[in-house]
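# Secondary and tertiary structure notes
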Amino acid sequence: MTATALGMPQVRHGVGNIFEHEPFPEYAKRELKNEQLRANLGFATHKIRTKRDAVTSELPDWQDLRTAGSMIKQQVMANLDTYLEEFERNFTAKGGHVHWARDAHEANEIALKLIQAEGVTEVNKIKSMATAETGLNEYLEEFGIHAIETDLAEEIVQLGDNDRPSHILVPAIHRNRTEIRDIFRRKIEGVNPNLSDDPAELAEASRFRLREKFLTNKVAISGVNFGIADTGTMTIVESEGNGRMCLTLPDTLITFMGVEKLLPTVQDLEVFTQLLPRSSTGERMNPYTSMWTGVTPGDGPQNLHVILMDNGRTAVLADQVGRQALNCIRCSACMNVCPVYERAGGHAYGSTYPGPIGAILSPQLGGIENEHNATLPFASSLCGACYDACPVKINIPDVLVHLRGKAVDAEKAQGEFAGGKKDPHYQMDAIMFGAKKLFSSGKLMGLATKGLPVSKLVTGKKHKISKLPGLVGGWTDYRDIPEPPSTSFRNQWKKERGAAPKRVGGSRVDVAALMEANKTKVAEAHAKAEAANPIIKEAQ
Amino acid sequence: MRVALFSTCIVDAMYPKVAAATVSVLERLGHEVVFPQGQTCCSQMHVNSGYFDDAYPVVKTHVKAFSEWDFDVAVAPSGSCVASLGHQQPMIAERAGDTATATAAADLAARTFELSQFLIDICGITDAAEQLGSYFPEKVTFHASCHGMRLLRLGTRQEDLVRTVGGLEYTQIEDQDQCCGFGGTFSFKNADTSGAMVADKVQHIEETGASVCTGGDVSCLMNIGGALSRKESPVQTVHFAEILASTKENPLKVSGPVSVTAGGK
């Protein structure tokens, strides 16, 4: 291996639920037909969006907090090796056991052995993205161990047959109250057969079932929001209190932790405990913040484990542009503002990680060349709403474009297209090649646009184009194209005004000085607009 | 000032009337407008589609075309294409190992302005009716294009100029900051999702009762207009430069095929 010989770390992609299983456009097309999903997503994302806007705009230092969050995470990623070893030392010194897992499969195996050592067949779980990534529940099931999800929405998903989460914060966002009532009536033993769809009654039914699990199961499994390097402290923020139950009641606690989850010091939490709840649920503060540092004799779990998992994260770290995806704190703000997510829904992304962050994380964790991960970076109109919403300033649009470049390179490296000339990739290549030739010369543009009148033959009497063939037919499935003009601007201009000299010499106007002189004009224009045409906001 | 018009490829080939309207507004303010004939495209279509190698000659063409001319500033009737210059062109040239073009691209981008930026921040225009003679007696709503809003941080500049046009009645669209679903090649590569996005946008536009939807990027307006046309809606889309160019003496006609004629000088 040349790479090893040169001392270069080999890129090792992860396994597990980090793949898109079919091309995103096809998956999305099916999901778009699900009216229930569309309605729920539209309602929920708009509601969370409004709440998030309110609690982030009320903080005068919100932008500074975002910058601080971004910089702390960058520092962690730049020194990840040091922080990981520091964390391991401190976690171990305080009575915990550290396990290292190269990928999802190893992480699952470690967890299984630890559970089997306790001789139990049922474990409680706190909602965790890391274990969803590794597919832990299904893995344990193969060995006769039932993992009980204790987060209400995760419980709904788990009890719903063949269902899976569609949102990282509100995993059952695709379900409505009636569906939840039906699932509970069917799946919860001893539940009131006349259970209504009233949220309080539904929550009570869940509480009734879970309380017994909390009090009897001896092993719990969690993820983690933040691990503190200099103390070995773990932190989980949550809303329902089920996490607190799982973290304090069992004898054995096994925590799955992606290697990127570290913060250098406890003080750094002051930034993240502000950023996370406000970005996530749109709350000023989450109801429960649990922190635990090692084993305290006679209080809480006495058998404490953490599984530090790579699963492709070092591959992400190796990409200078893409590595910022590791800064993600799983708040889900990006999906709540994403117009693509809002319509296609979380399942369309295949992976555990949906939405804009999923579109940059899955292809990097699992490899862009694997399964249909290469279609994920294209599942965006590049509107940029995700970047503005991200509490740690991950420039998702830039990473999407960067990964599009990698996707095209990977596809070109493959050579032949499976679908021949009808293959969408072949058509895309042809379009891009033609456009490159055309856009490489103004003269050629002038000549080509002389052909514009010919297009009138296509548009006909309706003065529009309503059907195009092949890949670009996607445009005319939903929209017309106007009749092109009889001449391009450049040809008209050349005819009328072609004589202007290119060089006139003299000094340039000082634009910066003009802008300084006019710096009040933006506010002035806005005030005049308000006076001329006030916008009447109707009560919502 | 000597202003170099960066028409953008889509305006040049599909909406020459928008370039003509831009020229009309600029000349009304006494500026000399030149059009570097070598220009083609900002390269954004290639970059955003992941075709970085193919984008490089397009970037070089743009930089070369403008460097052949003396001018004070370049102006374009597009937020998206202007944003692409500074945001993407240097990256593409750097990637090709062409540092000279990267530097020249960044310099050119620094003196290229979106039309509303130029009018307000450089020319000090705050009232279109009074200072530009703009007159357009229609009920108008406005779509805020993403790249102008989030990459150039145009704020309400375009919208404010429209709202001060004489005779114009303004109405604001629900979810104004939501993408229309265009997204370049996204519009046909992810046609169904894009179609769902523009369907919602069109619904919100129709809810306002406006006869015209305006905006600062013809690409978005072509998307919105195409969807309106498909459902045979009477609502028309026009670029805000056309509304600014429209005067009492030479009013903008909004219906009918696109052509080079615009409102009067």
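About the cut-offs
Residues numbered from 1 in each chain as written. Chains lettered and ligands numbered in written order. Predicted model: local features only at pLDDT ≥ 70, side-chain atom pairs only at ≥ 80, totals over all residues. Heavy atoms only, no water. Helix = DSSP H or I, 4+ residues; strand = E, 2+ residues; numbered from the N terminus. Rg over C-alpha atoms; globule rule 2.2 N^0.38 Å. Buried < 20%, exposed > 50% of the residue type's maximum accessible area, 1.4 Å probe, protein only. Pairing = 2+ DSSP bridges. Right-handed = clockwise from strand over helix to strand, strands pointing away. Contact = heavy atoms within 4.5 Å. Axes fitted to C-alpha atoms, helices over the stretch in contact; angles between N-to-C directions. Buried area = accessible area lost by both parts, 1.4 Å probe. Salt bridge = Lys/Arg side-chain N within 4 Å of Asp/Glu carboxyl O. Polar contact = N/O pair within 3.5 Å; in protein donor to acceptor, adjacent residues only side chain to side chain. Domains from an automatic or database assignment. 1 Å grid on protein atoms, 1.4 Å probe; cavity = no way out; pocket = protein on both sides within 12 Å on 5 of 7 lines; lining within 4 Å. Points joined across faces, edges and corners; volume = space filled by probe spheres on them. Nonpolar A, V, L, I, M, F, W, Y, C, P; charged D, E, K, R; others polar. Disulfide = S-S within 2.5 Å. Core = buried A, V, L, I, M, F, W, Y, C linked by side-chain atoms within 4.5 Å. Parallel < 35°, antiparallel > 145°, perpendicular 65-115°, else oblique. Patch = residues over 30% accessible without salt bridge, like charges linked within 9 Å, V, L, I, M, F, W, Y side chains within 5 Å. Areas by Shrake-Rupley, 256 points an atom, 1.4 Å probe, with all protein chains shown as cover.

### Structural notes on the overall build of chain B
The helix and strand inventory of chain B stands at 14 helices and eight strands. A compact globule built from 265 residues would reach a C-alpha radius of gyration of about 18 Å, and chain B, at 18 Å, matches this within 12%. In terms of overall dimensions, chain B has a C-alpha envelope of 50 × 45 × 30 Å along the principal axes. Burial analysis of chain B (265 residues in total) assigns 69% to the buried set.

### Comments concerning the pairing of strand β7 (residues 212–215) of chain B
Residue and element names in this part refer to chain B. Burial along β7 is two-sided: Val212 and Thr214 and Cys213 and Gly215, pointing in opposite directions, are all buried. When strand β5 (residues 139–143) meets β7, the two strands line up parallel, connected through four bridges. Paired with Thr141 across the two strands is Cys213, which belongs to β7. Sheet topology note: the β7/strand β8 (residues 236–239) ladder contains four bridges and is parallel. Bridged to Gly215 within β8 is His239. This β-α-β element, β7 to helix α13 (residues 218–230) to β8, shows right-handed connectivity.

### A closer look at the sheet that holds strand β8 (residues 262–263) of chain A
All names here are of chain A. Within the open sheet, the four strands sit side by side as β8-β5-β6-β9. Their pairing is mixed. Because the sheet does not close on itself, it has two edges, and the strands there are β8 and β9 (288–292). The sheet contact formed by strand β5 (residues 226–228) and β8 spans two bridges and is parallel. Among the inter-strand pairings, Ile228 is bridged to a residue of β8, identified as Leu263. Each of β5, β6 (234–238), β8 and β9 is contacted by helix α13 (residues 269–280), which is oriented at about 175° to β5, the strand it contacts most.

### Remarks on the interface of chain B and chain A
Every contact between the two is made by 98 residues of chain B and, on the other side, 97 residues of chain A. Taken over both partners, the interface formed by chain B and chain A buries close to 8500 Å², and the fraction arising from carbon and sulfur atoms is 57%. Summed over the shared surface of chain B and chain A, the result is 12 salt bridges. Here Asp409 of chain A makes a salt bridge to Arg95 of chain B, at a shortest N to O gap of 3.6 Å. There are 47 residue pairs in polar contact (both at pLDDT 80 or more) connecting chain B and chain A.

### A look at the pattern of salt bridges
A full pass over the atoms with the stated rule returns 43 salt bridges over all chains. Here Glu342 of chain A makes a salt bridge to Arg49 of chain A, at a shortest N to O gap of 2.8 Å. Placement of Glu342 of chain A in helix α16 (residues 339–344) and of Arg49 of chain A in helix α3 (residues 35–57) is noted, with a sequence separation of 293 residues between them. Judged by relative accessible area, which is 9%, Arg49 of chain A ranks as buried. Where Asp53 of chain B meets Arg95 of chain B, a salt bridge forms, and the shortest distance between an N and an O atom there is 3.1 Å. With a gap of 42 residues between them, Asp53 of chain B in helix α4 (residues 52–67) and Arg95 of chain B in helix α5 (residues 79–95) connect regions that are remote in the sequence. Taking the relative accessible area as the measure of exposure, Arg95 of chain B reaches 41% and is therefore partly exposed. Here the residues in one salt-bridge network are Arg49, Glu342 and Arg343 of chain A together with Asp200 of chain B, joined through shared partners.

### Re the domain arrangement of chain A
Taken domain by domain, chain A consists of domain 1 (96–314) and domain 2 (442–497). A C-alpha centroid distance of 57 Å is found between domain 1 of chain A and domain 2 of chain A.

### Topic: empty space enclosed by the protein
Residue and element names in this part refer to chain A. Per the counting criterion, the structure on display carries three cavities of 30 Å³ or more. Here the largest cavity defines a volume of roughly 110 Å³. Lining the largest cavity are 15 residues; nearest its centre among them are Cys328, Cys331, Cys334, Cys390 and Pro391. No other element matches the three residues that helix α15 (residues 333–337) contributes to the lining of the largest cavity. Classifying every residue of the lining of the largest cavity gives 13 nonpolar, one polar and one charged.

### With respect to the state of the cysteines
Taken as a whole, this structure holds zero disulfides over all chains when the rule is applied. Of the cysteine sulfurs around Cys42 of chain B, a residue in no disulfide, the closest is that of Cys81 of chain B, at 4.3 Å.

### Details of the sheet that holds strand β2 (residues 32–34) of chain B
Backbone hydrogen bonds are what pair the strands of a sheet, in a parallel or an antiparallel way. Residue and element names in this part refer to chain B. Pairing within the open sheet is parallel, and its four strands lie in the order β2-β1-β3-β4. Edge positions in the sheet fall to β2 and β4 (112–114), since each has one partner strand and no second. Neighbouring strand axes in the sheet, compared pairwise and without regard to direction, differ in orientation by 35° on average.

### Remarks on the nonpolar core
In terms of nonpolar packing, the biggest core is built from 110 residues, with Phe24, Phe272 and Ile360 of chain A touching the most fellow members. Looking at which element gives the most residues to this core, the answer is helix α19 (residues 396–414) of chain A, with seven residues. Val140, Phe142, Leu168 and Val235 of chain B belong to the second largest nonpolar core, which has 62 residues in total.

### Observations concerning the domain arrangement of chain B
Residues and elements named next belong to chain B. Each assigned domain of chain B is listed here: domain 1 (2–121) and domain 2 (127–245). Relative placement of domain 1 and domain 2: their C-alpha centres are 22 Å apart. Listed per partner, the contact involves 31 residues of domain 1 and 24 residues of domain 2. In total, about 2200 Å² of surface goes out of reach between domain 1 and domain 2, with carbon and sulfur atoms giving 68% of it. Our count for the contact surface shared by domain 1 and domain 2 stands at two salt bridges. For Lys17, the salt bridge goes to Glu242, with nearest N and O atoms at 3.2 Å. In this assembly, domain 1 and domain 2 are joined by 13 residue pairs in polar contact (both at pLDDT 80 or more). Residue assignment for the side of domain 1 that touches domain 2 shows that the elements contributing at least two residues are α1 (9–14), α2 (16–28), α3 (44–48), α5 and α7 (115–122).

### Re the packing of helix α20 (residues 424–439) of chain A against helix α21 (residues 442–449) of chain A
Residue and element names in this part refer to chain A. Between α20 and α21, the least distance of the axes is 7 Å, while the angle of their chain directions is 110°. Of the possible angle classes, the one that applies to α20 and α21 is roughly perpendicular. Judged by residue contacts, Lys437, Leu438 and Phe439 of α20 engage Leu444, Met445 and Ala448 from α21. In the contact of α20 with α21, the residues fall into five nonpolar, no polar and one charged.

### Remarks on a nonpolar patch on the surface
Among the surface-exposed residues, Leu215, Met245 and Leu249 of chain A lie close enough to one another that they form a single nonpolar patch of about 280 Å² accessible area. Turning to its location among the elements, Leu215 of chain A is positioned in helix α11 (residues 199–216).

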